[in-house]
Amino acid sequence: EIAIIEPRDEHYYQPKWTMVGGLGLDVKSTGRPMGTVLPVGVDWIKEGCQTFQPEKNSITLSNGQTVEYDVLVVAAGLQQNFDGIKGLAETIGQNGVASIYSYQYSPKVWENIQNIKGGRAIFTSPSTPVNCGGAPQKIAYLAEAAWRGTGARPSINIEYFTPSPAVFACSYYAQALAPMMMRKGIKANLKSNLVEVDGRNKLATFEREGGEIYTLDFDFLHVTPPMSAPSFFKDSGLTNAAGFMDVDKQTCQHTKYENIFSLGDCSSLPTSKTYSAVSSQAPVVVHNIQAMLKEKPREVTATYGGYTACPILTGDNKLMLAEFNGYTMEPAQTFWPLDQRKPILPFYLMKRFVFEEVYWHFMPIGRWYGSRTIFEPPIKHKEFSATQEEASAAPVMPFERHFLQDKIDLSGATHGTSHGVSGNAGKVSPMLFGVETPPVPGNISLCGSLPLEVVKSLAPRYKGWLYLNPADHPDFRKTEIEAAGVKVVNVHLPGGYSGGVPTHEHAQELLEAMKELPRPLMVQCTSGNRSGAALLLWLSKKLGRSVEAAQLLAQDMDLRFLHCQVCGPVWDWLSNEIGDIPTSFRQQEDVGHTITQLFDPQGSSTFTYLLGCNETHEAVLIDPVLGMQDRDLTALAERGYNLKYVVNTHCHADHVTSGAAIKKKLPEVKTMIAKASGAKADIYLEDGDEIKFGKYSLECLATPGHTSGCMSFHLVGPGEPLAVFTGDALLIRGCGRTDFQQGNSEELYDNIHNKIFTLPERTKVYPGHDYKGRNISTVREEKNFNPRLTKSKAEFVKLMAELNLPKPKLIDTALPANLKDGEE
């Protein structure tokens, strides 16, 4: 028996309210009688929910009736709290104040858009979760387009306010939306929250991060109200601290009561609250409910991975289809190879005419599966965490490493195990048997020899298994591992306690196997020493690390072979295989682009980067050093590149830029620097700008804090290059000093965490300097291991204040010269 508890007579397609307010569509077309959309064969209990009694498996309705259940699914959505902002409830719908987040007030938005002829138009987003986080800016784009159509746009100042540090949660799309806002003349006010509305006097009061209060007048105010889980959740004992139904983010099962599930906006699932997210969560809940209703076993294993999408109307009959993983904040585009950050007409037509029909005809009967359309997706299970098959591109899901470390069940073991664990040990940690899953990359585990029972319990968690001892070794449990559906490869790697010395051929075979095997992957040897060496070789060759960078990573992850008394030959082998490439020249070449890392041995230890598009041969040069320009121009000529721009990450104090010297030889080259730096250049950069060269571009991320004019550059283009050039803001296991040139440690901390650490974790970090021979890192590594930036903000500020560093040796020469673009 299935019952739906729903008190309302009418069901609304709420995504259309944006188009009611922004395009003038009829609000009456957004609703249908509730009875016509409920699935056939279910009981409709037309009452509201008042309280929960989870210990008794019952709920109390608003009429006092009690309803008992075997399984409860809570999908109550969000409630709009127009009374959550002082003065808003009294003025909403009048005095030029309206909102698309209401059947009643969305027509008022279009009415105001049509009537305003000039002045200030304000659009706000609140500090709480909201239905479709992109909608507050969608309506701003539609209004801007409408005002251009009526000719009123030149007379209207448009401002967008959000408490967030970025215009959109997923940085991949935020880095396209921010410059689009600028192009449209919409001023983005970040870290600002609407706290009061005086409709009669048309005043809006905001609070900036840090507590500053300020008031602006308005002619039109579009408010996205604060939202929360429904009020009847309060005191239910089912919610988390934020008031949302507290569920496991993989299974959607309640964290305390196994027969309660929740999905959609009212749940604690930490992803964007959208219709597309629900369509991906529903099949997981259905599968797990079916598992719950079985007599045996009652284990739920289906997992939701975080997929969500936000169709962002940008005006002019165009739409940006922002699909991403709300857990990892990485893009999850359906229409690859299209760049879905570019608004196009076909996406708009889908939103305008297709999505609504899909909603009415497929969603209520459970036959729409998001990006899979009407085709039911394969269910992903805990034992086989969702990753890409190719190791070289496998992103780590946030739950994956935790899952691989979960306890294993040895209650069925029939004979003794090692480490003093008895045959009836129950659930124990794999770490007890020397199994470890380092945080980088997070989906590869390492181990030595394991008892048969442990292998049988662990194997279902993995998709790949690499064994480094000879194939006839008695501890090689190939049959049992393959029986669990795991792909097994055997590569005999000599060294360590097994004796022998590995060779280059061993390295090549090992790298090929690690590339081939799917993730999650177990790498096994006798003691775990060679397993760690194999992992380090893979991570180093994949990124082109220097030996020093590889050694640092091994120390940070505390790989076991570092403490092995007989593993000296293994480290020597590793050092040779990683390669003794001169520090002054390292190159990462992809199909479409090349990154050449050049080093200044004159004393500044500056990294200069030559980036080239291999198809068009256009190139940019980042942070070139005076005195090294001939080397840089030679590298440029050897690759057949045409230099387009010389770009500085900030106004340097430890070397003079060679921008002016290069322009003497290549007059067509333009120099660039952040406008906030105060230095001279041909082109000034601001946050969100793009530097285009060939088919690639550098997205400008303002990251002040080391100096007031620091800029980081995020490389984007075909093949997702995943690279960021951080200058002196973020260094390898460190950061730039903050005690001169208008430095600010709080600002640096915030910018690194909000603009660099929000990039995909696989993003390669190319720093402006290193003084210990290290050359490259990743966002994931710095988030896990940077000793300064893993501290709290207060601890970071205190540490930076106590550094007491000497003044840079060349500051009196370099700074004045760099303020003049390196001119003599």
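A brief structural summary. Because the structure is predicted, anything quoted here is derived from the model rather than measured.

Turning our attention to the overall build of the chain. Scanning the chain for helices and strands turns up 21 helices and 43 strands. By the compact-globule yardstick of 28 Å for 824 residues, the chain fits well, its C-alpha radius of gyration being 29 Å. Taking the principal axes of its C-alpha atoms as reference, the chain extends roughly 80 × 80 × 50 Å. When burial is assessed residue by residue, the chain has 56% of its 824 residues classed as buried. Of the accessible surface of the chain, which amounts to about 34,200 Å², a share of 51% is contributed by carbon and sulfur atoms. For the chain, the distance from the average site of its 80 positive side-chain charges to the average site of its 91 negative ones is 2 Å.

Another point: the sheet that holds strand β11 (residues 119–124). Within a sheet, neighbouring strands are paired by backbone hydrogen bonds and run either parallel or antiparallel to one another. One open sheet holds the 5 strands; their spatial order is β10-β17-β11-β12-β13, and the pairing between them is parallel. The outermost strands of the open sheet, each flanked by one partner alone, are β10 (97–98) and β13 (186–189). Two strands pair when backbone bridges link them, and β11 and strand β12 (residues 156–161) are joined in this way by 6 bridges, in the parallel orientation. Considered in β12, the bridge of R120 is made with N157.

Turning to the packing of aromatic side chains, a few remarks are in order. Taken as a whole and judged by the stated rule, the model has 31 aromatic pairs. Look at F607 and Y609: their rings are 6.2 Å apart centre to centre, the planes differ by 40 degrees, and that puts the pair in the tilted class. Judged by relative accessible area, which is 2%, Y609 ranks as buried. The interplanar angle of 70 degrees and the centroid separation of 5.4 Å between the aromatic rings of Y609 and Y766 together place this pair among those described as edge-to-face. Remark: Y766 occurs in strand β42 (residues 764–767) and Y609 occurs in strand β31 (residues 607–613); sequence separation between them is 157 residues. Through a chain of ring-to-ring contacts, the aromatic side chains of F599, F607, Y609, F725 and Y766 assemble into a single cluster.

Here we take up the sheet that holds strand β26 (residues 464–467). Pairing is parallel across the open sheet formed by 4 strands, whose spatial order is β25-β28-β26-β27. At either margin of the open sheet sits one strand with a lone partner, and together these are β25 (444–447) and β27 (487–490). When the angles between neighbouring strand axes are averaged without regard to direction, this sheet yields 15 degrees. Pairing geometry for β25 and strand β28 (residues 521–524), over 4 bridges, is parallel. Its bridge partner being in β28, C447 is matched across the sheet by Q524.

Take the pattern of salt bridges next. All chains considered together, the criterion is met by 36 salt bridges. With a shortest N-O distance of 2.8 Å, E212 and R208 are connected by a salt bridge. Here D770 and R774 are joined by a salt bridge, their closest N and O atoms 3.1 Å apart. We note that D770, like R774, is buried. Each of the salt bridges in this network shares a partner with another, and the network as a whole consists of E144, R148, R153, K184 and D316.

As a further point, take the side chain of S697. By secondary structure assignment, the location of S697 is in strand β37 (residues 696–702). Beyond its immediate stretch of four places on either side in the chain, S697 contacts E690, I691, K692, H714, L715 and V716.

In this section: helix α6 (residues 171–183). Between the first and last C-alpha of α6 there are 18 Å, a value that for 13 residues agrees with the 18 Å anticipated at 1.5 Å per step. α6 sits mainly inside the fold: 10 of its 13 residues count as buried. Turning to α6, its buried residues number three or more, namely S171, Y172, Y173, A174, Q175, A176, L177, P179, M180 and M181. Trailing α6 by a residue or two, G185 shows a phi angle of about 75 degrees, which is positive.

Now for the pairing of β12. If a strand is regular, its side chains alternate between the two faces of the sheet. The element β12 is largely enclosed, with a buried count of 5 among its 6 residues. For the crossover that starts at β11, traverses helix α5 (residues 135–150) and ends in the parallel β12, the hand is right-handed. Judged from the 4 bridges that link them, β12 and β13 form a sheet pairing that is parallel. The residue bridging E159 from the neighbouring strand is K187, located in β13. In this region the chain leaves β12, passes through α6 and returns to the parallel neighbour β13; the handedness of that crossover is right-handed.

As a further point, take the pairing of strand β20 (residues 307–315). Across the 9 residues that make up β20, a large majority, 9, are buried. Bridge count between β20 and strand β21 (residues 318–325): 8 bridges; the pairing is antiparallel. Paired with T308 across the bridge in β21 is F324. Connecting β20 to the next strand, β21, in antiparallel fashion are 2 residues, including D316 with a positive phi near 60 degrees.

The residue N288 is located in helix α7 (residues 275–292) in this model. In this structure N288 comes out as buried when scored by relative accessible area, which is 0%. Among the polar contacts listed, one links the side chain of N288 to the backbone nitrogen of T301, at a separation of 3.3 Å. Each residue touching N288, except ones within four places of it in the same chain, is listed here: T251, F261, V300, T301 and A302.

On to the environment of N469. Mapped onto the elements of the fold, N469 is located in the loop between β26 and α11 (478–483). C-alpha of N469 to C-alpha of Q524: the two residues are 55 residues apart in sequence and 8.1 Å apart in space. Leave out the neighbours within four places in its chain, and N469 touches N490, V491, H492, C525, T526 and R530. Separated by 3.2 Å, the side chains of N469 and Y467 make a polar contact.

Here the amide bond leading from V440 into P441 is cis, since omega sits at 0 degrees, within 30 degrees of zero. For P441, the location among the structural elements is in the loop between β24 (427–428) and β25. The residue after R519, namely P520, is reached through a cis peptide bond having omega 0 degrees. As for its position among the elements, P520 is in the loop between α12 (504–516) and β28. Phi angles above zero are rare outside glycine, and E720 is one such case at about 50 degrees. Relative to the helices and strands, E720 resides in the loop between β38 (711–716) and β39 (723–727). Of note, the phi angle at Q742 is positive, near 60 degrees, even though the residue is not glycine. Tracing the chain through its elements places Q742 in the loop between β41 (734–735) and α18 (745–756).

Next up on the list: a nonpolar patch on the surface. A contiguous nonpolar surface patch, about 350 Å² in accessible area, is contributed by L345, L349, F353 and V354. Mapped onto the secondary structure, F353 falls in helix α8 (residues 345–362).

Before going further, it helps to examine the nonpolar core. Counting residues in hydrophobic clusters, the biggest one holds 72 residues, and the most contacted among them are F52, F123, W147, F168 and F220. When near neighbours in sequence (up to four residues on either side) are disregarded, F52 contacts S58, I59, L72, V74, F232, F233, S236, L238 and M245. Counting residues in hydrophobic clusters, the runner-up holds 38 residues, among them L466, L468, L510 and V523.

What counts as what
Residues numbered from 1 in each chain as written. Predicted model: local features only at pLDDT ≥ 70, side-chain atom pairs only at ≥ 80, totals over all residues. Heavy atoms only, no water. Helix = DSSP H or I, 4+ residues; strand = E, 2+ residues; numbered from the N terminus. Rg over C-alpha atoms; globule rule 2.2 N^0.38 Å. Buried < 20%, exposed > 50% of the residue type's maximum accessible area, 1.4 Å probe, protein only. Areas by Shrake-Rupley, 256 points an atom, 1.4 Å probe, with all protein chains shown as cover. Lys, Arg positive; Asp, Glu negative; His and termini not counted. Charge placed at Lys NZ, Arg CZ, Asp CG, Glu CD. Pairing = 2+ DSSP bridges. Phe/Tyr/Trp six-rings, centres within 6.5 Å; stacked < 30°, edge-to-face > 60°. Axes fitted to C-alpha atoms, helices over the stretch in contact; angles between N-to-C directions. Salt bridge = Lys/Arg side-chain N within 4 Å of Asp/Glu carboxyl O. Contact = heavy atoms within 4.5 Å. Expected span 1.5 Å × (residues − 1). Right-handed = clockwise from strand over helix to strand, strands pointing away. Polar contact = N/O pair within 3.5 Å; in protein donor to acceptor, adjacent residues only side chain to side chain. Patch = residues over 30% accessible without salt bridge, like charges linked within 9 Å, V, L, I, M, F, W, Y side chains within 5 Å. Core = buried A, V, L, I, M, F, W, Y, C linked by side-chain atoms within 4.5 Å.

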